[in-house]
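# Inside the fold
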Amino acid sequence: SVSALAFFKDGRRVATGSWDHTVQIWDVEERVLVGGAFRGHNDYVYSVAVSPDDRRIASGGQDKAIIIWDVDGKHKPLRLVRHTGEIWSLCFSFDGKRLASGSHDKRVIIWDAKSGLVVSTLKGSDRPVFRVAFSPDGLKLASGTECKIRVWSIDNAELLFEIDAHSLDGWVHVVWLPDGQQLVSASEDKTIKFWNSSDGTQIGRPYAAHTDDINSLAISPDGSFIATASDDKTVCLWNIKLMGRPLKLEHTALVFCAAFSPGGELLATGDSSGNLQLWSI
């Protein structure tokens, strides 16, 4: 299964994490593997993130460890072991200096991405943390748990507010719009919702098109499109300005992850059969 993916900023490569315990890099144009697999996890890999300078990949998963890999292999991998539960989500800050991790142990940890030292621990969650996302200005972090979204101040690790976002006790995925003014969430209740990022009030109505759980939520770099990946074996591509009927992209297996290329011209999706698909937008 391809359980996680992330584009490099050059747009020519994609990093994937898999249930075979490996992290791999793929050439987008040639559709071939670049180099060998990164091996260091001893269980499923659930999350991967690429640093803004394209030099490092962070990965985490079932074995509760985070590994920061040097893409060129010139430096030894940096292994971060502090969480006591599975690592569900990783995210580099926009300057690449910090790495955020969300875990089943109900904690968000902010790491120094170079040294691997803990900068701060956000402990306000009473449930597993499934998604973490830095705001575009790097001053805040949003986390998705069961039902809730929490927004934190990075400087002092203060919880600014929380949102009772979704009704079912399932994963909440959360991303920021590029202007930082809104958050978008999706969950196992099959809905997509928009939120004011300054106070957590809902904007507009919920949107729905999937017939099963949503496993991943991605937003295009210019904020024009949203992609949602689902257990119903489809990816829905939504035009944010219209939010009418989405374009449905078909897989033959459960779709676990989705990510837009930095230029927004491609969408990558991964499924439970191990397929990585690329779609022109």
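Now for a description of the structure that goes with this document. Note that this is a predicted model, so its numbers are computed, not measured.

## Structural notes on the sheet that holds strand β9 (residues 78-80)
- One open sheet accounts for 4 strands, arranged β6-β7-β8-β9; its pairing is antiparallel. Looking along the sheet, the strands with just one partner apiece sit at the ends: β6 (45-50) and β9. Between one strand axis and the next, the sheet turns through 20° on average, direction left out of account.
- Sheet topology note: the strand β8 (residues 66-70)/β9 ladder contains 3 bridges and is antiparallel. By the bridge assignment, Ile67 is partnered in β9 with Arg79.

## Quick look at unusual backbone geometry
- Phi is positive for Asp54, which is not a glycine, with a value near 65°.
- Along the polypeptide, Asp54 turns up in the loop between β6 and β7 (56-61).
- Residue class for Asp54 comes out buried when judged on its relative accessible area of 13%.
- The backbone of Lys233 sits at a positive phi, close to 70°, despite the residue not being glycine.
- Structurally, Lys233 can be placed in the loop between β23 (225-230) and β24 (234-239).

## Observations concerning the sheet that holds strand β28 (residues 276-280)
- Judged by pairing direction, the sheet is antiparallel, and its 3 strands sit side by side in the order β26-β27-β28 without closing on themselves. The open sheet terminates on both sides in strands that have one partner only, identified here as β26 (255-260) and β28. On average, each strand axis in the sheet is tilted by 20° relative to the strand beside it, whichever way the strands run.
- In this structure, β26 lies alongside strand β27 (residues 266-271), joined through 5 bridges in antiparallel fashion. Looking at β27, one finds that Ala258 is bridged to Thr269.

## Considering the packing of aromatic side chains
- Summed over all chains, the structure comprises 9 aromatic pairs.
- Their ring planes at 15° and their centres at 4.6 Å tell us that Tyr46 and Trp88 sit as a pair that is stacked. Here the residue Tyr46 occupies a position in strand β6, and Trp88 occupies one in strand β10 (residues 87-92), the gap between them amounting to 42 residues. An identical accessibility class is assigned to Tyr46 and Trp88; each is buried.
- For the pair Trp88 and Trp171, a centre-to-centre distance of 4.7 Å together with 65° between the ring planes defines the contact as edge-to-face.

## Here's the deal with the nonpolar core
- Core analysis: the biggest nonpolar cluster contains 15 residues, and Val184, Ile192, Phe194, Ile226 and Trp238 have the highest contact counts within it.
- Going through the elements one at a time, β19 (182-187), β20 (191-196), β22 (214-219) and β24 are the ones with two or more residues in this core.
- With 3 residues, the top contributor of residues to this core is β22.
- Apart from residues no more than four positions distant in its own chain, Phe194 is found in contact with Gln182, Leu183, Val184, Thr201, Gln202, Ile203, Tyr207, Ile226, Ile240 and Met243.
- Ranked by size, the runner-up nonpolar core spans 14 residues in total, among them Ala6, Phe8, Ile57 and Ile67.

What counts and how
- Residue numbers restart at each chain and count upward from 1, following the sequence in its written direction.
- In view of the model being predicted, local features appear only for residues whose pLDDT reaches at least 70, and side-chain atom pairs are presented and counted only at 80 or more, with totals across whole chains, interfaces and linings using the full set of residues.
- Hydrogens and water molecules were not included; the side-chain quantities draw on all heavy atoms of the structure.
- When DSSP locates at least two bridges between a pair of strands, those strands are taken to pair.
- Helical segments are the DSSP runs of H or I of at least four residues, strand segments are the runs of E of at least two, and each set is numbered from the N terminus.
- Angles shown run from 0 to 180 degrees and are taken between the N-to-C directions of axes, each axis being a line fitted to C-alpha atoms and, for helices, limited to the stretch in contact.
- Burial classification: accessible surface area is computed with a 1.4 Å probe over protein chains only, and a residue below 20% of its type maximum counts as buried, one above 50% as exposed, and the rest as partly exposed.
- Pairing of aromatic rings covers Phe, Tyr and Trp, the last through its six-membered ring, and needs centres within 6.5 Å; plane angles under 30 degrees mean stacked, over 60 mean edge-to-face, and all others mean tilted.
- Residues belong to a common nonpolar core when they are buried Ala, Val, Leu, Ile, Met, Phe, Trp, Tyr or Cys residues joined through side-chain atoms within 4.5 Å.
- Residue contacts are defined here by distance: any two heavy atoms, one from each residue, within 4.5 Å place the two residues in contact.

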